[in-house]
Amino acid sequence: MKAKEQILTLKAYQPGKPIEEVKKELGLTSVIKLASNENPFGCAPAVKEAVMDELDRVSIYPDGYAAEIREKLSRHLGVQARQILFGNGSDEVVQMFCRTYLSPSTNTVMATPTFPQYRHNSVIEGAEIREIPLNGNGDHDLDEMYKAIDKDTKIVWLCTPNNPTGTYIPKDKLVSFLDCVPSDVIVACDEAYCEYVDAPDYPDTIELQREYPNLVVLRTFSKAFGLASLRIGYGVAHEDLIQVVDPVREPFNTSRVAQRAAITALDHLDYLKMCKARNREGMVLYEQFCDQHGLSYYPSQGNFILIDFKTKQGDEVFQYLLRQGYIVRSGNALGFPTCVRITVGSEEQNKGVIDSLTNLLVSKTVE
Ligand SMILES: *Cc1c(COP(=O)(O)O)cnc(C)c1O
């Protein structure tokens, strides 16, 4: 049996080590995962209650059209209900756009390093991948990305804030880019961390869609809303575009429980606000730590920070923190070999990580 050739070049997603496994292996009683940018405070308490209540109806298929959350989200965003496409996580929205627009005779443009799912799904469709390195500040090089576009380009991916750097594309730069890109090329802005952003020049992409009908916005309930395991994300675009992609969607791709949780999460935006504020406080702690120790880092608008240890490999810092009970993400796997990406956690978690890292750096100077 021979699989499609391009599939043979891919590896299955390598998840971080599960907490229970790390506990057993290292004989630790407490292990904290700060590797996947999940919300350290969990979802809002009311969401948990709504989920429990929905469990009474798990034997019944969900509403495939997701009418209730669709209505609620469309009011929240100020768009038409038909402009939204729900996915089993925004990962699936990426997949659906790739399935709809990419094929072997097409190409797609993205930054590198960036979120790996654009590349992964594009490879599966057999499209040519054009990866444009981030510039030295960790920003998308929009000039080079523009130059990479030709008549066969179908989708340009912009990840803002970018995973793993946390850097964002300011409004003026995005608008100049959109002004140049041909209108038959999709510009997909992945805004998985937009709820955490407080940069005043972060663009309102939903508003920009009125002027640029080729602009697609991807968002998720996984990160700031704390619903990663329930798998619900969405794309917002011109309704004609959504109608083209919608047939690719599996009939019941978001669960009843996920829909109910998302509806309830939108009723508790004060909780989101609290999470955002505490994330910002945590980010400041990490930035101060880096400044004190002369470590460089990318200015992050997300809930994670990519720190450069320069003389150490990411894997080494990762292993060290693992033994202290913290699972982070080594930069070796992310295209930044001397970095680690750390999810900003609760105050106690942040202080714990910073204490451990301080010990690591101090022991280095003594040697
Ligand atoms: C986490 C993440 C996603 C995926 O989110 P899901 O909705 O859980 O699939 C998408 N894009 C970026 C940049 C992410 O970091």
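Model, not experiment: these values are computed from the prediction. (Residues numbered from 1 in each chain as written. Predicted model: local features only at pLDDT ≥ 70, side-chain atom pairs only at ≥ 80, totals over all residues. Heavy atoms only, no water.)

Novice: It is not clear to me how the overall build of the protein should be interpreted in this structure. Could you clarify?
Specialist: Secondary structure summary: the protein contains 13 helices and 13 strands in total. Whereas a compact globule of 367 residues would reach a radius of gyration of roughly 21 Å, the protein reaches 21 Å, a difference of no more than 12%. Side-chain charges in the protein split into 39 positive and 50 negative, and the spacing between the mean points of these groups amounts to 3 Å. (Helix = DSSP H or I, 4+ residues; strand = E, 2+ residues; numbered from the N terminus. Rg over C-alpha atoms; globule rule 2.2 N^0.38 Å. Lys, Arg positive; Asp, Glu negative; His and termini not counted. Charge placed at Lys NZ, Arg CZ, Asp CG, Glu CD.)

Novice: Looking at this structure, I do not really get helix H7 (residues 171-180). What am I missing?
Specialist: It helps to recall that an α-helix has 3.6 residues per turn; residues three or four apart then point in one direction. Of the residues making up H7, those classed as buried are Leu174, Phe177 and Leu178. Buried positions in H7, seen along its axis, are confined to an arc of 95° and lie on one side of it. What points out from H7, more than 90 degrees from its buried face, is the exposed set Asp172 and Asp179. (Buried < 20%, exposed > 50% of the residue type's maximum accessible area, 1.4 Å probe, protein only. Arc of directions from axis to C-beta.)

Novice: Teacher, can you tell me more about the domain arrangement of the protein here?
Specialist: The parts lose accessible area when they come together, and the size of an interface is often stated as this lost area. Along its sequence, the protein is carved into domain 1 (5-30 + 270-363) and domain 2 (45-265). Contacts between domain 1 and domain 2 engage 24 residues on the former and 28 residues on the latter. Inspection of the domain 1/domain 2 interface yields one salt bridge. Of the charged contacts in the structure, one is a salt bridge between Arg280 and Asp198, with a shortest N-O distance of 3.1 Å. (Domains from an automatic or database assignment. Contact = heavy atoms within 4.5 Å. Salt bridge = Lys/Arg side-chain N within 4 Å of Asp/Glu carboxyl O.)

Novice: Explain the side chain of Thr343 here, please?
Specialist: Structurally, Thr343 is set in strand S13 (residues 339-343). At 2.8 Å, the side chain of Thr343 and the side chain of Asn37 are in polar contact. (Polar contact = N/O pair within 3.5 Å; in protein donor to acceptor, adjacent residues only side chain to side chain.)

Novice: Teacher, can you tell me more about the nonpolar core here?
Specialist: Buried together is how nonpolar side chains tend to be arranged in soluble globular proteins. Within the largest apolar cluster, 33 residues are counted, with the highest numbers of intra-cluster contacts made by Val47, Ile69, Leu73, Phe86, Phe221, Tyr234 and Val236. Contributions of two or more residues to this core are made by helix H2 (45-54), helix H3 (67-77), strand S2 (84-87), strand S8 (233-236), helix H10 (256-266) and helix H11 (269-292). It is H10 that provides the largest number of residues to this core, a total of seven residues. Viewed by domain, this core spans two of them, domain 1 (5-30 + 270-363) and domain 2 (45-265), each represented by three or more residues. Discounting residues that sit within four places of it in the chain, Leu73 has contacts with Ile84, Phe86, Phe221, Tyr234 and Leu266. If you look at the next biggest cluster of nonpolar residues, it comprises 29 residues, including Val22, Ile32, Tyr286 and Cys290. (Core = buried A, V, L, I, M, F, W, Y, C linked by side-chain atoms within 4.5 Å.)

Novice: Any chance you could explain the site of the ligand here in plain terms?
Specialist: With respect to spatial proximity, 13 residues lie near the ligand, and among them Ser90, Tyr193, Thr220, Ser222 and Lys223 are the closest. Between the ligand and Ser90 there is a distance of 2.6 Å, counted from an oxygen atom to a backbone nitrogen or oxygen. Interatomic distance of 3.1 Å between a side-chain N/O atom of Lys223 and an oxygen atom of the ligand. Burial of the ligand by the protein chains amounts to 94% of its free accessible area of 390 Å². Residues belonging to the shell around the ligand are distributed by class as follows: four nonpolar, five polar and four charged. (Near = heavy atom within 4 Å. Areas by Shrake-Rupley, 256 points an atom, 1.4 Å probe, with all protein chains shown as cover. Nonpolar A, V, L, I, M, F, W, Y, C, P; charged D, E, K, R; others polar.)

Novice: Just checking my understanding: could you explain the packing of H2 against H10 for this structure?
Specialist: Two measures define how a pair of helices packs: the angle their axes make with one another and the distance between the axes. It is the contact of H2 with H10, at a shortest axis distance of 9 Å, that shows an interaxial angle of 150°. Comparing the axis directions of H2 and H10 gives the class roughly antiparallel. For the crossing formed where H2 meets H10, the hand is right-handed. Facing H2, whose interface residues are Ala46, Val47, Ala50, Val51 and Glu54, H10 presents Arg256, Val257, Arg260, Ala261, Thr264 and Ala265. (Axes fitted to C-alpha atoms, helices over the stretch in contact; angles between N-to-C directions. Parallel < 35°, antiparallel > 145°, perpendicular 65-115°, else oblique. Left-handed = near helix turned anticlockwise from the far one by under 90°.)

Novice: Sorry, what's going on with the packing of helix H4 (residues 90-101) against helix H5 (residues 117-124) here?
Specialist: Remark: H4 packs on H5, axes separated minimally by 9 Å, with the N-to-C direction vectors making an angle of 35°. Crossing hand, H4 versus H5: right-handed. For the pair H4 and H5, contact is made by Asp91, Val94, Gln95 and Cys98 and by Gln117, Tyr118, Asn121 and Ser122, respectively. Here the contact of H4 with H5 is composed, by residue class, of three nonpolar, four polar and one charged.

Novice: I keep staring at the sheet that holds strand S3 (residues 107-112) and nothing clicks. Help me out?
Specialist: Neighbouring strands of a sheet are bound in pairs by backbone hydrogen bonds; such pairs are parallel or else antiparallel. With mixed pairing, the seven strands of this open sheet are ordered in space as S2-S8-S7-S6-S5-S3-S4. Here the strands that pair on one side only, and so sit at the sheet edges, are S2 and strand S4 (128-133). Here the strands of the sheet are splayed against their neighbours by 20° on average, with no regard to which way each runs. Of the pairings in the sheet, the one linking strand S7 (residues 215-220) to S8 comprises four bridges and is antiparallel in character. Opposite Val217, over in S8, you have Val236 as the bridge partner. (Pairing = 2+ DSSP bridges.)

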